[in-house]
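# Chain and residue survey
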Amino acid sequence: MDRRTFLLGLALSPALMHCQRSTPTQFGGTLLGPNHMAGHQLRQADFPAFSSTQRTKVAIVGAGVSGMAAGWYLQKHQMDDVALLELEAEVGGNARSGKNTISAYPWGAHYLPLPNHDNVLLKQFLAETGAITANVDSHRPLYQERYLCFAPQERLFIHGQWQEGLRPDHGLGHRERAEIQAFEKQMQVFREATGRDNKPAFTIPLAASSHDPQFTMLDSITMAEYLHGQGWHSAPLHWYVNYACRDDYGMPHTSISAWAGIHYFASRRGQAANADTDQVLTWPQGNAWLTQQLANPQQDAIHTRQLVHAIQLEAHHVTVDVYDLTTQQTTRWIADHVIYASPLHTLPYVLRNDPSLTQAAQTIRHAPWLVANLSINQPDQLNGNLPLAWDNVLYDSAGLGYVVANHQDTQRYHDQLVLTYYRALAHSDEHQARQQLYAGTWTSLQTSIVQDLQKAHPELSQHILNMDIWRWGHAMTYPQPGFLTNQARQLLNHTHPQLHIAHTDAAGISIFEEAFAQGVRAAKNILGKNNHSTT
Amino acid sequence: MVNPAGPSHRPGNPDRAMRQALFASVFIIASCGLVYELVAGTLSSYLLGDSVTQFSTVIGVYLFAMGAGSWASKYITSALVRRFIELELLVAISGGFSAALLFLAFAQIGYNGNVAFQAVLYLLVFIIGMLVGLEIPLVMRILEQSLSLKELVSRVLTFDYLGALAVSLAFPLLLVPHLGLMRTSLVFGLLNVLVALWAIHLFREQLQRPRLLLWQCLLVGLSLIAGLLFAEHLTRYSEEMLFEDRVIFSKTTRYQRIVLTQWHDDTRLFLNGNLQFSSRDEYRYHEALVHPALSAIKQPRNVLVLGGGDGLALREILKYPTIEHVTLVDLDREMTDIFKHNIRLSQLNAHAFSSPKVSVVTADAFVWLDQQKDFFDFIVVDFPDPTNFALGKLYSSSFYQLVAAHLSQHGLAVIQSTSPLYARQSYWCIVNTIQSVGLLTSPYHTLVPSFGEWGYVIASHQPYHPPQQIAVSGLRFMTPETLTTLFQFPLDMQAVPAEVNRLNNQKLVHYYEQEWHHQGP
Ligand SMILES: Cc1cc2nc3c(=O)[nH]c(=O)nc-3n(C[C@H](O)[C@H](O)[C@H](O)COP(=O)(O)OP(=O)(O)OC[C@H]3O[C@@H](n4cnc5c(N)ncnc54)[C@H](O)[C@@H]3O)c2cc1C
């Protein structure tokens with residue numbers, strides 16, 4: 001040791017002592033996930049024969065967004081003879097939530113962008129819930145301010161510093177910035193474009209988008225290929241677009257259809273009297289707030305802990321065999337119609353006598369996801385050069401960042417917060433990713449999450465009080481190139497006399513608006529048929 | 001024997017005793033050098049915060065300057081011993097007074113002039129470092145004659161390091177706790193003078209005009225001793241310059257840092273370093289806050305105060321005999337507690353917290369209002385300025401919606417709204433935001449010398465008319481005549497376009513930051 005290091009060491013010793021105190025504290029947590037046993041049991045077809053029967057006009061399998069949107073629409077049109085059969089103890093599916101002493105928090109879906117003007121039913125639903133407070137029919141409805149994401153909405157940790165917004169900017173070179181601008185400009189062009197069929201090039205639900213080949217052509221390549229084809233090769237732009245694909249679809253932009261990748265940027269035109277277009281609606285519990293609003297008026301129709309394990313399409317009715325996880329008995333529901341609003345990888349085990357549909361369902365791909373809720377103290381240490389935002393993303397990270405569950409509190413101070421951490425195991429090989437996810441223990445997953453966040457928050461581990469981790473093995477479907485014209489998907493969306501598929505798996509992309517539209521579409525089909533038969 | 005100061009560039013061949021004396025000086029020199037470095041590092045991190053950065057930059061500059069000094073030593077070619085003695089005296093002055101100088105500089109420049117202060121800091125550190133860097137090479141050259149290079153390097157560096165070790169232990173354990181920074185540096189300055197004296201003594205026979213050197217030593221020594229005698233005063237003076245007044249209470253609560261200062265008859269409250277009131281003119285602020293609205297309400301009964309944990313608005317409100325009940329909601333229990341129990345402070349608010357009409361709720365105003373169903377005839381909204389997003393929520397349209405929902409049909413609310421002069425767009429942003437929830441607004445302002453021009457807004461469901469009479473007596477500022485003039489805005493404060501402040505845009509915090517950033521009060 002020479003004099004210099006000696007002096008430096010001496011002078012820094014108070015600081016060093018400070019660092020040494022920071023030995024990681026111990027915290028606990030639980031590993032959670034959707035009902036695992038049920039999936040196993042389904043594959044084994046290990047159920048008692050039915051011991052009772054029930055009648056209903058419409059049986060809905062799964063009380064996620066799509067299932068409950070169907071129920072909501074049916075109820076609106078005086079169709080009350082509905083049974084919503086849900087496997088879990090709680091409704092909501094991918095939009096479910098948890099709660100502890102600090103806050104409610106999401107386990108999955110957590111926000112809804114401002115709906116487009118032509119998404120009339122969704123806006124109507126939002127008006128019913130009080131999320132839209134006035135002028136629902138205008139181009140710029142008034143939203144409930146408390147549900148609009150509070151400012152600051154997003155920040156990005158890049159090159160050692162936080163910047164506002166997620167579009168990389170801090171520390172970028174002139175060329176890199178110019179490329180991002182060119183990309184944004186092109187997305188704006190797509191956002192305003194209409195096809196020769198007079199339909200918007202990209203809209204929500206995606207089925208309403210133009211069929212003009214100049215746009216649908218984009219479905220034949222990946223999003224990464226599209227960027228390179230435009231001469232855009234810079235790393236920050238690719239990170240940004242890749243982030244969007246991972247965040248929305250759970251897969252890297254090298255696996256996502258360019259049409260779908262662009263759809264993310266170009267399909268949203270929703271406006272508000274009191275918010276900008278890029279703002280979103282969010283709640284502490286995430287979209288579970290919305291699913292709760294869907295569930296409230298149809299509480300009586302909802303049956304939880306009901307595992308649907310066999311559906312038989314008969315000539316004039318459908319039989320739906322349901323295993324009650326509480327009583328461990330099977331009940332046979334005899335229904336005029338069944339709406340299938342559960343993930344389609346389960347369909348082959350449930351639907352026994354329609355090989356073409358079964359086959360189609362088997363082609364659906366799913367991305368695995370990981371969500372963690374971290375309870376932390378001393379929230380100030382998360383601020384850095386910019387205050388904590390709702391969505392906090394790290395550049396070049398394996399995860400997708402974290403959302404602050406308490407962000408929508410009106411309260412001034414928080415001693416503790418809940419952070420919801422997201423990671424899509426965005427592997428080009430879905431099976432391998434799933435295996436990786438299930439091979440993880442709480443300890444290994446927890447460690448990798450802390451490591452990821454430590455880049456921006458070196459002291460985080462000392463402030464974690466608890467971390468619960470949720471593994472979504474089949475979180476959601478993702479749009480690969482060719483998904484638009486995919487035969488199997490078209491078959492699944494096709495109307496069948498008694499079976500209506502509503503799950504977002506059949507829509508091709510998994511967002512609240514698609515789930516809602518799918519549910520409504522299924523309900524409309526049934527109502528159409530019903531009207532027909534009664535008149 | 002060759003004259004050490006002579007043209008041969010060689011000092012005399014010091015004998016054994018002399019060598020040991022010189023090694024002892026090396027020990028002292030090394031300790032002094034390190035002390036000045038530590039003093040500068042400690043002081044800058046104490047004053048500027050962020051100790052890691054302050055220490056590393058101070059040490060970096062210091063070591064670099066030492067290098068520059070060592071390099072420059074080759075240009076000292078004659079009269080080595082004399083130069084060494086003069087050098088010691090320079091180190092004694094610059095190092096000895098370094099802490100005092102930095103304190104004073106900081107007190108003069110203040111917290112807002114960080115850059116200017118840093119310029120002074122690094123210049124001083126550089127000068128001391130350079131002088132200290134000259135010392136050891138000179139000593140080595142003085143000793144060069146009598147020792148082999150091997151011996152010389154080994155011994156000098158040994159004492160150099162030993163000196164450093166001694167100080168490194170003494171500095172945190174003895175010096176800072178017992179002497180404080182200012183005295184420590186002065187004492188070590190005196191040690192440098194001693195080394196100089198010692199060197200004069202050792203080389204007395206070879207030095208020309210040693211008396212001049214002795215006089216110089218005496219001068220430097222006496223000024224350092226004078227510094228020591230006045231160190232207490234100096235410290236107090238510079239702290240007073242910094243905090244202006246004497247701190248009589250300070251506490252960091254869960255929510256904020258509360259500091260109360262007292263200077264003669266002036267008591268001041270600071271929250272997180274921002275002035276909340278000065279007892280000299282707070283009556284202007286609080287009379288203007290309360291009376292224009294409250295005097296205009298017929299038979300006010302039920303009053304709500306949001307914020308205002310100092311009880312000064314309460315004091316004004318309680319002057320109205322018709323008032324039956326006042327609810328004061330403040331986030332910080334510690335605030336309301338000290339304004340209730342501290343003698344001086346409770347005198348200031350006329351023991352408002354002991355009034356049976358007053359009930360204090362410790363809660364977040366937004367959350368509390370959200371869960372409330374009562375209506376109030378008069379609502380006072382007196383929060384700290386919107387300096388951050390947490391406070392910005394309390395100026396949002398959602399918040400004013402709640403105020404509107406709890407304001408009785410003929411009631412009035414008044415909102416403190418920062419300065420329409422210094423933060424003009426912020427002020428009009430608040431006005432627009434209140435209007436956006438359907439309330440009528442009557443903006444007004446007054447001069448509070450310790451704040452400057454200050455703004456308020458009266459909000460109501462029915463049009464507001466300034467009262468012809470002020471219903472209470474014994475005021476020190478407000479008259480019915482002055483009251484009506486407050487609603488006139490001169491050109492430099494008139495309305496400017498501003499967006500509505502919403503929870504989802506926090507516009508006000510952005511305006512406020514821009515405006516106060518560009519033209520501080
Ligand atoms: C981690 C994550 C984050 C997301 N974030 C967002 C977001 O922020 N915004 C957004 O718009 N979208 C988001 N999504 C997409 C989300 O999937 C959709 O918004 C929507 O919730 C999908 O609804 P669904 O009805 O199609 O399907 P699901 O939510 O999958 O609902 C299916 C339901 O069926 C039940 N079920 C399954 N099998 C059976 C059976 N055999 N018998 C009975 N019931 C059964 C399930 O328990 C479940 O309740 C996210 C998804 C994930 C996984």
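Position labels on residues start from 1 in each chain and follow its written sequence. Labels follow written order: the first chain is A, the first ligand is 1, and so on. For a predicted model such as this one, the threshold for reporting local features is a pLDDT of at least 70, and the threshold for listing and counting side-chain atom pairs is 80 or more; totals across whole chains, interfaces and linings nevertheless cover every residue. Hydrogen atoms and water are omitted, and side-chain values are computed over all heavy atoms in the structure.

## Re the sheet that holds strand β9 (residues 407-416) of chain B
Residues and elements named next belong to chain B. For two strands to be treated as a pair, DSSP must find no fewer than two bridges joining them. A run of H or I in DSSP becomes a helix once it reaches four residues, and a run of E becomes a strand once it reaches two; helices and strands are each numbered from the N terminus. Taken together, seven strands build an open sheet; the order of strands is β7-β6-β5-β8-β9-β11-β10 and the sheet is mixed. A strand with exactly one partner marks an edge of an open sheet, and here the two such strands are β7 (358-362) and β10 (440-448). Across this sheet, the average inter-strand angle for adjacent strands is 15 degrees, counted without regard to direction. In the sheet, strand β5 (residues 302-307) pairs with strand β8 (residues 376-382) via five bridges, with the strands oriented parallel. Among the inter-strand pairings, Leu304 is bridged to a residue of β8, identified as Ile379. Lines are fitted to the C-alpha atoms to define the axes, a helix being fitted only along its stretch in contact, and any angle between axes, read from their N-to-C directions, falls within 0 to 180 degrees.

## Let's talk about the site of the ligand
Residue and element names in this part refer to chain A. By convention in this text, a residue qualifies as near a molecule or strand provided that one of its non-hydrogen atoms is within 4 Å of it. Taken together, 33 residues surround the ligand, and among them Ser66, Glu86, Asn94, His503 and Phe512 come closest. Interatomic distance of 2.7 Å between a side-chain N/O atom of Ser66 and an oxygen atom of the ligand. N or O atoms closer than or at 3.5 Å make up a polar contact, with two conditions inside protein: a donor-capable atom paired with an acceptor-capable one, and, for residues adjacent in sequence, both atoms drawn from side chains. Between the ligand and His503, the relevant distance is 2.7 Å, taken from an oxygen atom to a side-chain nitrogen or oxygen of the residue. The Shrake-Rupley method, run with a 1.4 Å probe sphere, supplies the accessible areas, and residue values consider only the shown protein chains as cover. Within the complex, 95% of the 1,000 Å² of free accessible area of the ligand lies under protein. The set of elements that each furnish at least two residues to the shell around the ligand consists of α3 (65-76), β13 (306-313), β16 (366-377), β20 (464-477) and α18 (512-534). In terms of residue count, β13 provides more of the shell around the ligand than any other element does, three residues in total. The nonpolar class holds Ala, Val, Leu, Ile, Met, Phe, Trp, Tyr, Cys and Pro. Asp, Glu, Lys and Arg form the charged class, and all remaining residues, Gly among them, are polar. Residue composition of the shell around the ligand, grouped by class: 17 nonpolar, 14 polar and two charged.

## Here's the deal with the interface of chain B and chain A
Taken together, the 36 residues of chain B in the interface contact 28 residues of chain A. When two components associate, each loses some accessible surface as probed by a 1.4 Å sphere; the sum of these losses over both components is called the buried area. Of the roughly 3,000 Å² buried at the junction of chain B and chain A (both faces included), carbon and sulfur atoms supply 60%. In this structure, Asp415 of chain A and Arg254 of chain B form a salt bridge, with 2.6 Å as the shortest nitrogen-oxygen distance. At the boundary of chain B and chain A, one finds twelve residue pairs in polar contact (both at pLDDT 80 or more). If you list the elements that add at least two residues to the side of chain B that touches chain A, you get α1 (16-48), α2 (51-72), α6 (149-202), α12 (365-370), α13 (389-392) and α14 (397-406) of chain B. With six residues, α2 of chain B is the single largest residue contributor to the side of chain B that touches chain A. Classifying every residue of the side of chain B that touches chain A gives 21 nonpolar, eight polar and seven charged. Residue contacts follow a heavy-atom distance rule, with two residues in contact if any of their heavy atoms lie within 4.5 Å. Any carboxyl oxygen of Asp or Glu within 4 Å of a side-chain nitrogen of Lys or Arg constitutes a salt bridge here.

## A closer look at a nonpolar patch on the surface
Residues and elements named next belong to chain B. On the surface, Phe27, Leu162, Leu165, Leu169, Leu173 and Leu174 cluster together into a nonpolar patch covering about 550 Å² of accessible area. A per-element tally of the nonpolar patch places α6 first, with five residues. Assignment of secondary structure puts Leu169 in helix α6. Relative accessibility thresholds used throughout: buried, under 20% of the residue-type maximum; exposed, over 50%; partly exposed, between the two (1.4 Å probe, protein chains only). Given the relative accessible area of 48%, Leu169 is considered partly exposed. Note on patches: the residues involved have over 30% relative accessible area and no salt bridge, like charges join within 9 Å, and the nonpolar side chains Val, Leu, Ile, Met, Phe, Trp and Tyr join within 5 Å.

## A closer look at α6 of chain B
Helix length check: α6 of chain B, at 54 residues, gives a terminal C-alpha distance of 22 Å against a target of 80 Å (1.5 Å per residue), a shortfall beyond 12%. Bend at a residue means the angle formed by two fitted axes: the first through the 7 residues ending at that position, the second through the 7 residues beginning there. Its maximal kink placed at Leu179 of chain B, α6 of chain B deviates by approximately 105 degrees. In this analysis, the expected span of each helix is defined as 1.5 Å times one less than the number of residues it contains.

## Quick notes on the pairing of β9 of chain B
Residue and element names in this part refer to chain B. Most of β9 sits out of view: eight of its ten residues are buried. Where β8 lies against β9, five bridges are found, and the strand directions are parallel. Bridge assignment links Phe376 to a residue of β9, and that residue is Leu407. By the bridge criterion, five bridges tie β9 to strand β11 (residues 452-460) in an arrangement that is antiparallel.

## A few points about the packing of aromatic side chains
What characterises a pair of aromatic rings is the spacing of the ring centres plus the angle enclosed by the ring planes. Aromatic rings from Phe, Tyr and Trp, taking only the six-membered ring of Trp, are treated as a pair when their centres fall within 6.5 Å; an angle between ring planes under 30 degrees marks them as stacked, one over 60 as edge-to-face, and anything in between as tilted. Counted under the stated rule, the structure contains 47 aromatic pairs over all chains. Ring centres of Tyr264 of chain A and Phe265 of chain A lie 4.9 Å apart, and the angle between their planes is 90 degrees; on these two criteria the pair is classed as edge-to-face. Residue classification places Tyr264 of chain A among the partly exposed positions, given a relative accessible area of 21%. Any Lys NZ or Arg CZ that is within 6 Å of a ring centre and within 35 degrees of that ring's normal is treated as a charge sitting over the ring. The ring of Trp162 of chain A has Arg155 of chain A lying over it, and the distance from NZ or CZ to the ring centre is 3.6 Å. Taking NZ or CZ as reference, Arg476 of chain B lies 4.0 Å from the ring centre of Tyr283 of chain B, over its face.

## Some remarks on the domain arrangement of chain B
Each assigned domain of chain B is listed with its residue range as follows: domain 1 (16-239), domain 2 (245-276) and domain 3 (281-519). Each domain's limits were defined by an automated method or a database of domain assignments. Just the C-alpha atoms count here: the centres of domain 1 of chain B and domain 3 of chain B sit 57 Å apart.

## Section: the environment of Thr42 of chain B
Residues and elements named next belong to chain B. Within the fold, Thr42 resides in helix α1. Setting aside its immediate chain neighbours within four residues, Thr42 contacts Phe55, Phe171 and Leu181. A polar contact is formed between the side chain of Thr42 and the backbone oxygen of Leu38, at a distance of 2.5 Å.

## Comments concerning the pattern of salt bridges
Scanning the entire structure with this criterion turns up 24 salt bridges over all chains. In this structure, Arg365 of chain A and Glu430 of chain A form a salt bridge, with 3.0 Å as the shortest nitrogen-oxygen distance. Placement of the pair is Arg365 of chain A in the loop between α12 (355-362) and β16 and Glu430 of chain A in helix α13 (residues 430-439), with a sequence separation of 65 residues. Given a relative accessible area of 27%, Arg365 of chain A falls into the partly exposed group. Through salt bridges with shared partners, one network takes in Glu282, Arg315, Glu316 and Lys319 of chain B.

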